[in-house]
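# Geometric and topological summary
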Amino acid sequence: MQYLPIHFDTRGAKILVVGGGPAAEAKLRTLLKTEANIIVVDTSVGPEVARWAEHGKLEWIKRDYKDSDLEGASLVYAATEDDAINAVIAEAASARQIPVNAADQKEACRFITPALVDRAPVLVSIGTEGTSPALARALKADLETKLPPETGEFALKTKQLRDKVKVIMPDLADRQRFWARIFGGKDLSAMLRVPRETLEAEVEAELAGRDESAGKVILVGAGPGNPDMLTTAARRALHAADVIVYDRLVSDGVLELGRREAEYVYVGKTPGEPSIGQTAINEILVEKAREGLAVVRLKSGDPLIFGRADEEIDALQAVDIPVEIIPGITSAAAAAAAINASLTTRGTNKAISFLTGHDAKGFAEQDWVSLARPGGRAAVYMGVGAARFIQGRLMLHGAESDRPVTVVENASRPNQIITYTTLRNLPEDLVAAGIKGPAILLIGYAERRSLTEKRLAV
Ligand code: SAH
């Protein structure tokens, strides 16, 4: 981030705009909304600027620019219609350490002005660091339709309620949690339109039951990685969490949905490396919940599939800490979606097994006899390292060597890789494809024509 977005307090500040033509006018439209004293220097100005001067909205000094105009200015806009003059002004301002914006000359600018969605006092500023003004405008247009005119009014309403909540809850962290619960996971555009009484009632209700959600643990399914595949409940829980205890396979995009102020505790286990034990994880959960905090235990996929959820639930229940579970999209489901395969197919398989390649003892033994039967289908988790073992066991029990196997690595993520192979070639093809990341082996699932691809007429 080269540019730091900040909201600058304009009360009593002098803002100098050099120029009175179209470039200056565009800047002035925003500047006039502020509380700054605005000085425009130019020999002539456009009709709009002249009108603003007449109405006392700005002061127009009718002459050419001089360096002494910079004195006392907090911000300077070099916005004449002449690039060379703007560059000179920018240099003079920079030499005096006054932040300056030079029209159409990014290199000469100490600050640039963002595209603005104005629902004062709510302001959304959009910047692309000069990379794509068109994208900024498109985003602005999109947000303009999303944020109703009542947005600013809504913020003012909450301001009054905040004062009230502050009296009842002197602790800042308590209040942050409180408001996270009020806003968390709601359909914001609908919420922004609620009448004042409804919002008040909601705040009152939340105040009345304010201890309810303190001190509990929610096991949340983070899904396969793509944040679009999170449930609304998971989003809400993340937003309201004080502590987020997360695993290795939880993606950054999902973690981003937690509050900045929340505490993040990484408890990932890397295969083959020393890592935190399950007992230590249980202890963290108990300890944090006992502090009265809202704890989210974030696990990849669905928390109840190969997630050691029982151990955590037991540890919490043993000391009477409430536990809640929010399911997630398990990686086998995401992998099947990635290859347009139905996990169950009428006439082919009446069941599908979710297997782990490893268990506490090493490679995991399974009911190979039934898996090896024709039509046997399975989704194997943690199976990359066990691929040769699984291949050997299945073939030993009579599975056809040309049974299709599809491997989906990083399902749903931008780096998703799909490898189609057969039982015979599975271990070699995994190595050839360089698969190391989290992957699901879909045994008995073949390549399928893309759902969107049209069949070619022959
Ligand atoms: N609870 C998780 C599974 C945890 S075990 C779930 O429901 O998905 C970890 C294994 O999950 C990995 O070894 C891998 O087999 C699988 N996995 C997790 N994320 C994955 C992803 N994005 N793509 C493919 N497999 C994934």
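Attention here is on the structure that accompanies the text. (Residues numbered from 1 in each chain as written. Predicted model: local features only at pLDDT ≥ 70, side-chain atom pairs only at ≥ 80, totals over all residues. Heavy atoms only, no water.)

Looking now at the overall build of the protein. Counting its secondary structure elements, the protein contains 16 helices and 19 strands. Expressed along its principal axes, the backbone C-alpha trace of the protein runs to roughly 95 × 65 × 45 Å. Here the protein holds 458 residues, and the buried ones make up 42% of them. When contacts within the protein are restricted to residue pairs at least 6 apart in sequence, long-range pairs at least 24 apart make up 63% of them. Side chains of the protein give 56 positive and 62 negative charges; the mean places of these two sets differ by 4 Å. (Helix = DSSP H or I, 4+ residues; strand = E, 2+ residues; numbered from the N terminus. Buried < 20%, exposed > 50% of the residue type's maximum accessible area, 1.4 Å probe, protein only. Contact = heavy atoms within 4.5 Å. Lys, Arg positive; Asp, Glu negative; His and termini not counted. Charge placed at Lys NZ, Arg CZ, Asp CG, Glu CD.)

Right, let's get into helix H6 (residues 172–183). A rise of 1.5 Å per residue sets the reference length of H6, with its twelve residues, at 16 Å; its end C-alpha atoms lie 17 Å apart and thus fit the reference within 8%. Residues of H6 that are buried include every one of Arg175, Arg177, Phe178, Trp179, Ala180, Arg181 and Ile182, and no others. On the buried face of H6, the contacting elements are helix H5 (151–168), helix H7 (188–191), helix H8 (196–208) and helix H9 (232–240). (Expected span 1.5 Å × (residues − 1).)

Counted as a void, the second largest pocket has a volume near 1300 Å³. Taken together, 45 residues form the lining of the second largest pocket, with Arg248, Leu249, Pro271, Phe306 and Met382 sitting closest to its centre. Mapped onto the lining of the second largest pocket, the elements with two or more residues apiece are strand E11 (294–299), strand E14 (358–359) and strand E19 (439–443). Among the residues making up the lining of the second largest pocket, the classes are represented as 16 nonpolar, 17 polar and twelve charged. Both domains that furnish three or more residues to the lining of the second largest pocket are identified here as domain 3 (212–329) and domain 4 (332–443). (1 Å grid on protein atoms, 1.4 Å probe; cavity = no way out; pocket = protein on both sides within 12 Å on 5 of 7 lines; lining within 4 Å. Points joined across faces, edges and corners; volume = space filled by probe spheres on them. Nonpolar A, V, L, I, M, F, W, Y, C, P; charged D, E, K, R; others polar. Domains from an automatic or database assignment.)

On to the nonpolar core, then. Within the largest apolar cluster, 21 residues are counted, with the highest numbers of intra-cluster contacts made by Ile390, Leu394, Val407, Leu426, Leu430 and Leu441. Those elements giving two or more residues to this core turn out to be helix H14 (368–372), strand E16 (378–381), helix H15 (387–396), strand E17 (404–409), helix H16 (426–432) and E19. Here this core gets four residues from one element, more than from any other, and that element is H15. Setting aside anything within four residues of it in sequence, one finds leucine 394 in contact with Trp368, Leu371, Ala372, Ala399, Leu423 and Ile443. (Core = buried A, V, L, I, M, F, W, Y, C linked by side-chain atoms within 4.5 Å.)

Residues in contact with the ligand amount to 18 residues; listed here are only the nearest, Ile305, Thr330, Ser331, Ala411 and Ala439. Within the contact set of the ligand, an oxygen atom lies 2.9 Å away from a backbone nitrogen or oxygen of methionine 382. Out of a free accessible area of 550 Å², the ligand has 93% covered by protein chains. With respect to the pocket detection grid, the ligand is positioned in the second largest pocket. Class assignment for the residues of the shell around the ligand results in eleven nonpolar, five polar and two charged. There are two domains that each give the shell around the ligand at least three residues, and those are domain 3 (212–329) and domain 4 (332–443). (Near = heavy atom within 4 Å. Polar contact = N/O pair within 3.5 Å; in protein donor to acceptor, adjacent residues only side chain to side chain. Areas by Shrake-Rupley, 256 points an atom, 1.4 Å probe, with all protein chains shown as cover. Sits in = over half its atoms within 2 Å of the grid points.)

This part covers the environment of lysine 164. On the secondary structure map, lysine 164 appears in helix H5. Residue lysine 164 is classed as partly exposed on the basis of its relative accessible area of 37%. For the pair lysine 164 and valine 203, spaced 39 residues apart in the sequence, the C-alpha separation amounts to 9.8 Å. A polar atom in the side chain of lysine 164 sits 2.4 Å from the side chain of glutamate 204.

This part is about the sheet that holds strand E4 (residues 75–78). If you trace the five strands from one edge of the open sheet to the other, you get E3-E2-E1-E4-E5, paired in parallel fashion. Both edges of this open sheet fall to strand E3 (59–61) and strand E5 (100–102), since each of them pairs with a single strand only. In this sheet, neighbouring strand axes are inclined to one another by 15° on average, regardless of whether the strands run parallel or antiparallel. (Pairing = 2+ DSSP bridges. Axes fitted to C-alpha atoms, helices over the stretch in contact; angles between N-to-C directions.)

Turning our attention to the side chain of threonine 419. Topologically, threonine 419 is positioned in strand E18 (residues 417–422). Take threonine 419: its relative accessible area is 12%, and that puts it in the buried class. Among residues more than four places away in sequence, those in contact with threonine 419 are Val405, Thr406, Val407, Asp429, Ala433 and Ile435.

Here we take up the side chain of asparagine 86. Residue placement: asparagine 86 occurs in helix H3 (residues 83–95). In terms of polar contacts, asparagine 86 uses its side chain to reach the side chain of threonine 80, at 2.6 Å. When residues no more than four places from it in sequence are discounted, the contact partners of asparagine 86 are Ala78, Ala79, Thr80, Ala102, Ala103 and Gln105.

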